[in-house]
Protein chains: 4
Amino acid sequence: MNGNSFGRLFQIATFGESHGEAMGVTVSGCPAGLELSEEDVQADLDRRKPGQSMITTSRGEPDAVSIKSGVQDGYTTGTPIGMVIENKDARSEKYEPFITAPRPSHGDFTYSAKFGTRNWGGGGRSSARETVNWVAAGAIAKKILAREGIELKAHVNQIGDIEAPEVSFEEMLEHSEENEVRCAHPETAEQMRERIDEYQQEGDSIGGSIYFEARGVPRGLGAPRFDGVESRLGQAMMSVPASTAFEFGLGREAREYTGKDRNDEWEFDSDGDPVPTENDHGGLQGGITTGEPIYGEVTLHAPTSIPKTQTTVDWETGEEKEEKVIGRHDPVLPPRGVPVVEAMLALTLVDFMLLSGRVNPDRADGQVGEYDTDYHPSSPRNE
Amino acid sequence: MNGNSFGRLFQIATFGESHGEAMGVTVSGCPAGLELSEEDVQADLDRRKPGQSMITTSRGEPDAVSIKSGVQDGYTTGTPIGMVIENKDARSEKYEPFITAPRPSHGDFTYSAKFGTRNWGGGGRSSARETVNWVAAGAIAKKILAREGIELKAHVNQIGDIEAPEVSFEEMLEHSEENEVRCAHPETAEQMRERIDEYQQEGDSIGGSIYFEARGVPRGLGAPRFDGVESRLGQAMMSVPASTAFEFGLGREAREYTGKDRNDEWEFDSDGDPVPTENDHGGLQGGITTGEPIYGEVTLHAPTSIPKTQTTVDWETGEEKEEKVIGRHDPVLPPRGVPVVEAMLALTLVDFMLLSGRVNPDRADGQVGEYDTDYHPSSPRNE
Amino acid sequence: MNGNSFGRLFQIATFGESHGEAMGVTVSGCPAGLELSEEDVQADLDRRKPGQSMITTSRGEPDAVSIKSGVQDGYTTGTPIGMVIENKDARSEKYEPFITAPRPSHGDFTYSAKFGTRNWGGGGRSSARETVNWVAAGAIAKKILAREGIELKAHVNQIGDIEAPEVSFEEMLEHSEENEVRCAHPETAEQMRERIDEYQQEGDSIGGSIYFEARGVPRGLGAPRFDGVESRLGQAMMSVPASTAFEFGLGREAREYTGKDRNDEWEFDSDGDPVPTENDHGGLQGGITTGEPIYGEVTLHAPTSIPKTQTTVDWETGEEKEEKVIGRHDPVLPPRGVPVVEAMLALTLVDFMLLSGRVNPDRADGQVGEYDTDYHPSSPRNE
Amino acid sequence: MNGNSFGRLFQIATFGESHGEAMGVTVSGCPAGLELSEEDVQADLDRRKPGQSMITTSRGEPDAVSIKSGVQDGYTTGTPIGMVIENKDARSEKYEPFITAPRPSHGDFTYSAKFGTRNWGGGGRSSARETVNWVAAGAIAKKILAREGIELKAHVNQIGDIEAPEVSFEEMLEHSEENEVRCAHPETAEQMRERIDEYQQEGDSIGGSIYFEARGVPRGLGAPRFDGVESRLGQAMMSVPASTAFEFGLGREAREYTGKDRNDEWEFDSDGDPVPTENDHGGLQGGITTGEPIYGEVTLHAPTSIPKTQTTVDWETGEEKEEKVIGRHDPVLPPRGVPVVEAMLALTLVDFMLLSGRVNPDRADGQVGEYDTDYHPSSPRNE
């Protein structure tokens, strides 16, 4: 309702500003009995964190997560999981010139227009730093999905004019984390890296896109009309900072396909179940899963913070001024966006798994009504 | 939650199947004191209804709306507006062959996989007939927005490989309803019409896209993070039947822009307020409006119902079969999709207007706490 | 959000005014495969409808429900069930004197203060006529609960100063529908009836209360903190027109009990499961069910419409005036309130059953992921 | 949805267990520009905290709040306010005997039945310790309400069989915080205190009740049917730990009143506005405020933790056992419940103020669309 929550049964509520004291996320609706440690969450945070390479901002954030509640003796208890990540390396002074002189294409003006004020350090609440909360929560969602046989992965499939050829899901799993760009096609990754360097040296930045895919999603998941899987993915992915387009299946290309070309006919699989002969439908028909892989793309525009002189106006002084955004920034967003897109995909899918009853909302093992199961290891007498 | 509601303060809840007795929508959260008649709603329904031309299905539905509640003496009362539209021309028998043999790329299989059963006549709940409800509710949303100086319009900007040149908002207002294709560029409309005819004659169908734009949206509308205007538009537009891509601003093209090229610098407008020099940002920064026009595109894939022989399987008999989908169908979706996209845009924006307090949730005139205003015309003693 | 919806997974959205064209309710989240007919719903509507006896209003409403969607060949399809009940016997002219002169203790002034206007005929949206929608939806909820072994019943346990002795659940089932007062204790029912007659003859009305009980509710249902069963029942029951108090377990009496007296100790049941030795806790501990019966009471104040002269003011003329509310009204609310309380109890519990995964949100038979089950009887080829 | 959130526009999401690392609450929807410090919040936390006197638990918790986000230079920014309160004095070892042997009338068994496990130290998530989060959020709600001229207060009006006489709102403001019992009638407070001592010496505990009142609530607040003020208060107050009854206006007594006696007639006030001659309706008619004080009562049962030997069963050993609950506990709940009830009342009312547009959801000063107001003091250049 207020922009800080996502999900229905598996729901996150977040807080935090880029240069505030801490980021935080409360995860409600995680079933009890899931093995969970801070390390599980940290692994994904480390993939998102700044300072991983030359093509990510040099801000020095350890992004160490602290789980405050909802976990006991290594297992979730079904009650809300509060996580806090402290901000350690905020340097707000560089943002002072922009307090009343909005940076081009940031949220500076709009936040001030909405609230009359804003937290101006590092972009405050509008900063992509918020996604640390999403990735933390997404790590939990992924663990639940993995138990259900659902795998998901994203990789960078375009940077500027360089587009990766189609890669298999296996290639994504194998190669996308091997290079700084997070492109699963190694040769393209190198070209992308070079292109990024060029823009970075010019003091400019460049756009790109992320391809995502989920496998093992059971058929029949999702809901009619406004809560179709693509509807909720649409909300999820358009929330990713800098996203300007969401596509699934053939995406934008579908406008040039005929019905005959796009339609996926039906055959029987080895179990005698109907399966589509192709997957131009991206795993979704009528908002509901067919059991085929769900795939799509998210376009992220170029980072707006660039060390070039740009024109803005200062509403306090009433004067135009030329400013360079100094700060520490990424020259391109998709590489660090990969874990963010994965997190939003995971959060969306786990919510549908709970909503369909496939994952029991109370218990990871689904044994409802029992009051002492194997995942009740908390008695010190057990030790 | 269950897929049948949209919106938060201005909320619709819908029911109905393509060949059921009636379609219906309950609109909650419409402020009191809005002048409203069935004719207001009917005007938009007539733009969406079947049988308008050779390029729309020949199903004969008058789509006559009946307002059952929430309006008194021509003014809304603030209480829920129940609307019912009866289905008059359902012919289900043609769908019998497909009960257990799913049509390619429809929601037949997925609805049955989810619910174990489905309403099979005309696609049941998964049919685009549902959008009659959205258009009815959207007509009310548009009336509220118009009072606030917000105008919105959509038109068809691509059919297959034929793309319209950029048109102005004024051209959209003037020309888009002049031709059957609903393209605001008359020459392109003719070409589109010819291309559609070609596909129709081949027994095929074709995809396309709709461009939408809203003007007069005040700055500072929307909410951070998960409830950004683009996030909610993402959900709204991906709910439109057959949509496979949602873009705003530069959309998918943003991936090839540099930061320098895409960034919109700031200048002062004649009131001394900061305004962006350009609108590559599509009216939205950080999920919140800048006051510039909001624009974007929705891609709709080709209609899946085509009178060509296609292969499917019958899960009852266990046999493959070749079938033609006979029925009465559109060869292309965007022309009738235009009022649907407008409706979803209007529903999204009016909800944000209420959420921001700019439109008072109780009263169209904003005079809270008064118990007898000019829009209390219901006394028969007034007559 | 807007006051017209209740429930989360099993959700109703209602519309309608007392003297409007029709009442309507859309039920979302009813699983597919439930046998359902208009007769099932009508049975409960008949218990609520006016004109049942001398102690109910003489308004002549057949309250005939029409199911517009969501049911096919006698089974639910999982998609929203739209129901409409037409208003047939509205006589608004008697309400004209009160358009600008609020009746004492009705919603007349408050609705006008909120919305600036109101539907004034018969109380409009604030009328208890709305509960026809709740009872219709509640009938569906009860059917689902019955399949799960959950039974529920309410009866009138107090009218004015006449209080029924404690009765067993079996007595409630057996006797409460035998008399016009709906009190399960026949002798008390007679006394209550006499007392009501006395007040009615004096042109006055009287308050009372309803006791409710649910049996067979599985242990472990409900949710911590704000969504405890009693929290949601609190909202549900305080929504019942004229309710001024909600109690569960010992209710208000608990204030005079010591911990020792109220605490329910634990023993083993015949299955070796812990069960409380008593049920002073009303089936709920920490917001979650123990498996013991849930019970409580709802107090309903006396009908505010009485044929006595009362003082009001006319805000149009600025004058005080003495008025009698003529209309057709109940002298006491609990007898017709019994099915309403049962409906709200059923709606609350079925939502928790869905939220806990005990009732599958997609399918009444819980066979997720199958695309042709026994409750797919809709093929005409089956006939 | 998952029990950890309350409110719609002004929404809180909480986490934490009694003996966990920390409690936390995220407040979303607080308008920007509200002056707010940790001291503002701490004042109410100190009223709720343990160890205030002999009649509260001796657990030594400073309950020091830390605001992590949403406040800048002493003013709220409109973005979520994350607050964390660390647990400092948890001693879990005394709870070990109860891990598999539920304490009578606690949430031990039901939490384990729902989740299969539970955080057992100090009652875990089911502990009243959670209310520290509510009181922290409520303090912010109260600040907003105070700006709007809405005052609210609660006091203890009954302990066991000792009931306070009716006191005025002014007496509540003046006296209720003067004594340990928080009863606004000093002589009764002393009697209550003695009675509590008696029960405490016997190793027993006792129930009681809290009266609450809100003044200055504008007329026309609330929403029809399921979102009436009493409906939402019903949910709010039944969420208070140990509450077994919620009443407003005449409450349970209304069952014995006739319509004539309870009805409040109308007269004109000095402004020429209709006002009720009395307030038997408790400030609410049809779910909406009349402008008269809202008042009611919440009954809290006796604390279930008592140092008496009670019988329970151990589901691990299969044996009955006699146990004393040792721990550190309150002999009576209402004194510390007063700030909790006030918090829930404030949270409910502020949400309605936002929902009605009376408090602008974006800005405390209501100046929408401006991008630099007086409450933008964050520039270091101002210093």
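Residues numbered from 1 in each chain as written. Chains lettered and ligands numbered in written order. Predicted model: local features only at pLDDT ≥ 70, side-chain atom pairs only at ≥ 80, totals over all residues. Heavy atoms only, no water.

Visitor: How would you summarise the overall build of chain A if you had to cite specific residues and measurements?
Guide: Regarding its fold elements, chain A presents eight helices and 18 strands. Along the first, second and third principal axes, the C-alpha atoms of chain A reach 70 × 60 × 35 Å. The buried share of chain A, taken over its 383 residues, is 72%. When contacts within chain A are restricted to residue pairs at least 6 apart in sequence, long-range pairs at least 24 apart make up 70% of them. Per element, the accessible surface of chain A, about 11,100 Å² overall, is 42% carbon and sulfur. (Helix = DSSP H or I, 4+ residues; strand = E, 2+ residues; numbered from the N terminus. Buried < 20%, exposed > 50% of the residue type's maximum accessible area, 1.4 Å probe, protein only. Contact = heavy atoms within 4.5 Å. Areas by Shrake-Rupley, 256 points an atom, 1.4 Å probe, with all protein chains shown as cover.)

Visitor: I'd love a proper account of the relation of the copies chain B and chain A, names of residues and values included.
Guide: Overlaying chain B on chain A yields an RMSD of 0.0 Å, the required transformation being a rotation through 180 degrees with an accompanying axial translation of 0.0 Å. In symmetry terms, the pair is related by a two-fold rotation axis. (Least-squares fit on C-alpha atoms with pLDDT ≥ 70 in both.)

Visitor: Give me the sheet that holds strand β1 (residues 5–6) of chain A: which residues, what numbers.
Guide: Residues and elements named next belong to chain A. Here five strands make up an open sheet; going across it, the order is β1-β2-β3-β7-β4 and the pairing antiparallel. The sheet is open, and its two edges are formed by β1 and β4 (65–67), each paired on a single side. Relative to strand β2 (residues 11–15), β1 is paired through two bridges, and the arrangement is antiparallel. Each bridged residue has a counterpart across the sheet, and for Ser 5 the counterpart in β2 is Ala 13. (Pairing = 2+ DSSP bridges.)

Visitor: Could you give an account of the relation of the copies chain C and chain D, naming the residues involved and the relevant values?
Guide: The two copies are related by a screw motion: chain C maps onto chain D through a turn of 180 degrees and a shift of 0.0 Å along the axis, at an RMSD of 0.0 Å. When the interface residues of chain C are mapped onto chain D, 100% of them are again interface residues, pointing to one common binding face.

Visitor: Break down the interface of chain B and chain A for me, with residues and values.
Guide: Listed as interface residues are 102 residues of chain B and, on the opposing side, 103 residues of chain A. Summed over both sides, the interface between chain B and chain A buries roughly 8,400 Å², with carbon and sulfur atoms accounting for 58% of that surface. Of all residues in chain B, Arg225(B), Phe226(B) and Arg255(B) give up the largest surface area on contact with chain A, accounting jointly for 12% of the area buried on that side. For the salt bridge of Glu247(B) with Arg255(A), the shortest nitrogen-to-oxygen distance reads 3.6 Å. For the pair chain B and chain A, the number of links is 63 residue pairs in polar contact (both at pLDDT 80 or more). Grouping the constituent residues of the side of chain B that touches chain A by class yields 35 nonpolar, 41 polar and 26 charged. Alignment of strand β11 (residues 243–248) of chain A against strand β11 (residues 243–248) of chain B, held across three bridges, turns out to be antiparallel. Each residue of the ladder has a partner; that of Glu247(A), found in β11(B), is Ala245(B). (Buried area = accessible area lost by both parts, 1.4 Å probe. Salt bridge = Lys/Arg side-chain N within 4 Å of Asp/Glu carboxyl O. Polar contact = N/O pair within 3.5 Å; in protein donor to acceptor, adjacent residues only side chain to side chain. Nonpolar A, V, L, I, M, F, W, Y, C, P; charged D, E, K, R; others polar.)

Visitor: Give a detailed account of the interface of chain C and chain D, specifying residues and quantitative values.
Guide: In this complex, chain C contributes 102 residues to the contact, which on the side of chain D involves 103 residues. Both sides of the chain C and chain D interface together cover about 8,400 Å² of buried area, and 58% of this is carbon and sulfur. Area buried by chain C at its contact with chain D is led by Arg225(C), Phe226(C) and Arg255(C), which between them contribute 12% of it. Put simply, chain C and chain D have eight salt bridges between them. On the surface where chain C and chain D come into contact, there are 64 residue pairs in polar contact (both at pLDDT 80 or more).

Visitor: Which residues make up the pairing of β2(A), and what values do they have?
Guide: Residue and element names in this part refer to chain A. Judged by how many residues are buried, β2 sits mostly within the fold: five of five residues are covered. Of the two faces of β2, the one carrying Gln 11, Ala 13 and Phe 15 and the one carrying Ile 12 and Thr 14 are both buried. With five bridges connecting them, β2 and strand β3 (residues 22–28) associate as antiparallel partners. When the sheet's bridge partners are listed, Phe 15 is paired in β3 with Gly 24. Two successive antiparallel strands, β2 and β3, enclose a turn made up of six residues, where Gly 16 displays a positive phi of approximately 125 degrees.

Visitor: Give a detailed account of the packing of helix α1 (residues 38–48) of chain B against helix α8 (residues 334–355) of chain B, specifying residues and quantitative values.
Guide: Residues and elements named next belong to chain B. Remark: α1 packs on α8, axes separated minimally by 7 Å, with the N-to-C direction vectors making an angle of 140 degrees. Taken together, the residues of α8 that come into contact with α1 (itself represented by Asp 44, Arg 47 and Arg 48) are Arg 336, Val 338, Pro 339, Val 340 and Glu 342. Of the residues in the contact of α1 with α8, the class split is three nonpolar, no polar and five charged. (Axes fitted to C-alpha atoms, helices over the stretch in contact; angles between N-to-C directions.)

Visitor: Quick rundown of the sheet that holds strand β4 (residues 65–67) of chain B? Include the residues and the values.
Guide: All names here are of chain B. The strand order across the open sheet formed by five strands is β1-β2-β3-β7-β4, and the pairing between neighbours is antiparallel. Across the chains shown, the open sheet's two edge strands, defined by having one partner strand only, are β1 (5–6) and β4. In the packing of helix α3 (residues 131–147) onto the sheet, contacts are made with β2 (11–15), β3 (22–28) and β7 (81–86), and the angle to β3 comes to roughly 35 degrees.

Visitor: Residue-level account of the environment of Ala302(A), with values.
Guide: Tracing the backbone through its elements, the reader meets Ala302(A) in the loop between β16 (294–300) and β17 (309–314). Using a relative accessible area of 1% as the deciding quantity, one classes Ala302(A) as buried. Sequence separation of Ala302(A) and Phe268(A) is 34 residues, and the distance between their C-alpha atoms is 45 Å. Discounting residues that sit within four places of it in the chain, Ala302(A) has contacts with Ser205(A), Ile206(A), Gly207(A), Ala254(B), Tyr257(B), Thr258(B) and Gly259(B).

Visitor: Tell me about the packing of aromatic side chains, residues and numbers included.
Guide: Applying the stated rule across the entire model yields 28 aromatic pairs over all chains. Ring plane angle 35 degrees and centroid distance 4.7 Å describe the contact between Trp134(C) and Phe226(D), whose orientation is recorded as tilted. Of this pair, Trp134(C) sits in helix α3 (residues 131–147) while Phe226(D) sits in the loop between β10 (208–215) and α6 (229–238), each in a different chain. Per residue, the accessibility class of Trp134(C) equals that of Phe226(D), and both read buried. Of the aromatic side chains, those joined through ring pairs into one cluster are Phe6(A), Trp134(A) and Phe226(B). The ring of Phe352(C) is capped by Arg8(C), whose NZ or CZ atom sits 4.9 Å from the centre of that ring. (Phe/Tyr/Trp six-rings, centres within 6.5 Å; stacked < 30°, edge-to-face > 60°. Lys NZ or Arg CZ within 6 Å of the ring centre and 35° of its normal.)

Visitor: If you had to explain helix α6 (residues 229–238) of chain A to someone new, which residues and values would you point to?
Guide: Most of α6(A) sits inside the fold, with ten of its ten residues counted as buried. Those residues of α6(A) lying buried are Val229(A), Glu230(A), Ser231(A), Arg232(A), Leu233(A), Gly234(A), Gln235(A), Ala236(A), Met237(A) and Met238(A).

Visitor: With reference to specific residues and values, describe the side chain of Lys321(A).
Guide: All names here are of chain A. On the secondary structure map, Lys 321 appears in strand β18 (residues 319–324). At 3.1 Å, the side chain of Lys 321 forms a polar contact with the side chain of Glu 323. Apart from the residues lying within four places of it in its own chain, the contact partners of Lys 321 are Pro 97, Ala 101, Gln 310, Thr 311, Thr 312, Val 313 and Asp 314.

Visitor: Give me the lowdown on the pairing of β18(A), citing residues and values where you can.
Guide: Residues and elements named next belong to chain A. Looking at chain direction, β17 and β18 are connected through six bridges and run antiparallel. Within β18, the residue paired with Thr 312 across the bridge is Lys 321. Hairpin connection, β17 to β18: the antiparallel pair is bridged by four residues, and Gly 318 has positive phi, about 75 degrees.

Visitor: Tell me about the pattern of salt bridges, and name the residues and values.
Guide: If you walk through the whole model with that rule in mind, you get 144 salt bridges over all chains. Residue Lys321(B) is joined to Asp314(B) by a salt bridge in which the shortest nitrogen-to-oxygen separation is 3.6 Å. Between Glu323(C) and Lys321(C) there is a salt bridge, with the nearest N and O atoms lying 3.2 Å from each other. Each of the two residues, Glu323(C) as well as Lys321(C), counts as buried. A single salt-bridge network, built from bridges that share partners, covers Asp44(A), Arg47(A), Lys142(A), Lys153(A), Glu177(A), Arg182(A) and Glu342(A).

Visitor: Lay out the environment of Pro339(B) with the relevant residues and their values.
Guide: Residues and elements named next belong to chain B. By the secondary structure assignment, Pro 339 is in helix α8. Owing to a relative accessible area of 1%, Pro 339 belongs among the buried residues under this scheme. What Pro 339 contacts, discounting residues up to four positions off in sequence, is Asp 44, Arg 47, Arg 48, Val 135 and Arg 182.

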